[in-house]
Amino acid sequence: LMYDNKPITRMQDQITIYYENELWFILFNQAIKAYDNDSSDPEIIRLLELAMYIDPSNVKSYILLATTYDSNKKIDESKNIVNRALNISGIKGGDKANLCGIMAELYKQEENYTEAISSYQQAYDFYEDLDGKNLNITDDYDEKKISTMVAILSLNLLLEDWMESIQWAEKI
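Let me begin by describing the structure that accompanies this report.

Calculation rules
Residues numbered from 1 in each chain as written. Predicted model: local features only at pLDDT ≥ 70, side-chain atom pairs only at ≥ 80, totals over all residues. Heavy atoms only, no water. Helix = DSSP H or I, 4+ residues; strand = E, 2+ residues; numbered from the N terminus. Expected span 1.5 Å × (residues − 1). Buried < 20%, exposed > 50% of the residue type's maximum accessible area, 1.4 Å probe, protein only. Polar contact = N/O pair within 3.5 Å; in protein donor to acceptor, adjacent residues only side chain to side chain. Axes fitted to C-alpha atoms, helices over the stretch in contact; angles between N-to-C directions. Parallel < 35°, antiparallel > 145°, perpendicular 65-115°, else oblique. Left-handed = near helix turned anticlockwise from the far one by under 90°. Contact = heavy atoms within 4.5 Å. Nonpolar A, V, L, I, M, F, W, Y, C, P; charged D, E, K, R; others polar. Patch = residues over 30% accessible without salt bridge, like charges linked within 9 Å, V, L, I, M, F, W, Y side chains within 5 Å. Areas by Shrake-Rupley, 256 points an atom, 1.4 Å probe, with all protein chains shown as cover. Salt bridge = Lys/Arg side-chain N within 4 Å of Asp/Glu carboxyl O.

Between the first and last C-alpha of helix H3 (residues 59-71) there are 18 Å, a value that for 13 residues agrees with the 18 Å anticipated at 1.5 Å per step. Looking only at H3, the buried set comprises Val59, Ser61, Tyr62, Leu64, Leu65, Ala66, Thr68 and Tyr69. The N-terminus of H3 is capped by asparagine 58, whose side-chain oxygen sits 3.1 Å from the backbone nitrogen of lysine 60. At the C-terminal side of H3, lysine 73 shows a positive phi close to 60 degrees.

As C-alpha cells, this is what we get:
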C-alpha cells in the first residue's frame, strides 16, 4: 500500500493518514461555508491556516485563503499566499496555472499590467504544457486557457503593445 509515493508499512500510518485527510476536509468545508456566509469572517483565515498546517501540500486551502484575503482588500497577503502555494513541491500544472491566474488578477487590481501579463503568460505556459501531455482535459480547462489568452490580449491592447496584441489575437 502506497501513499504519496511512500510505502505504508504500519496500520497506524494508514489510520493517521485517514484522520488527517478527514480533518483537512472538515476544516476546508467549514471555511467554504463561512466564506459563503461572510467573506470577512476572520474564522475563515483560522480554519484555512489550520488546514494548511494539516496538509501543507493541498493547494485548495491556499487558493481559498488567497481569495479570502483578496475579497477583504488585502492584496499583499493574497500574493504571499499564492507565492507560498507556487513553492509547494509536486504541485500539478493545472494548479500552477490557476495560481498564476490569481496572481495576474491581483496585479491587475494594482494596475501593474506588465506583471499581470507575465503572470498570465506563466498560466498560459502551464496550460500549453498540459496540452502536450494528452491528458483528459475538461471544458473548464479550455475555458480557462482561452480566458487567459483574452486577458493577455486585453492587457497588451491597454498598454498599446500592438505587435503583442496581434500575436495573441492570432492565437485565439
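Remark: helix H4 (residues 75-86) packs on helix H5 (residues 93-109), axes separated minimally by 10 Å, with the N-to-C direction vectors making an angle of 160 degrees. Between H4 and H5, the angle falls in the class roughly antiparallel. Crossing angle aside, the handedness with which H4 passes H5 is left-handed. Judged by residue contacts, Ile75, Ser78, Lys79, Val82, Asn83, Ala85 and Leu86 of H4 engage Lys96, Leu99, Cys100, Ile102, Met103, Leu106, Tyr107 and Gln109 from H5. Classifying every residue of the contact of H4 with H5 gives ten nonpolar, three polar and two charged.

Turning our attention to a nonpolar patch on the surface. Together, Ile146, Val150 and Ile172 make up a nonpolar patch on the protein surface, roughly 250 Å² of accessible area in all. Locating isoleucine 146 in the fold gives a position in helix H7 (residues 139-158).

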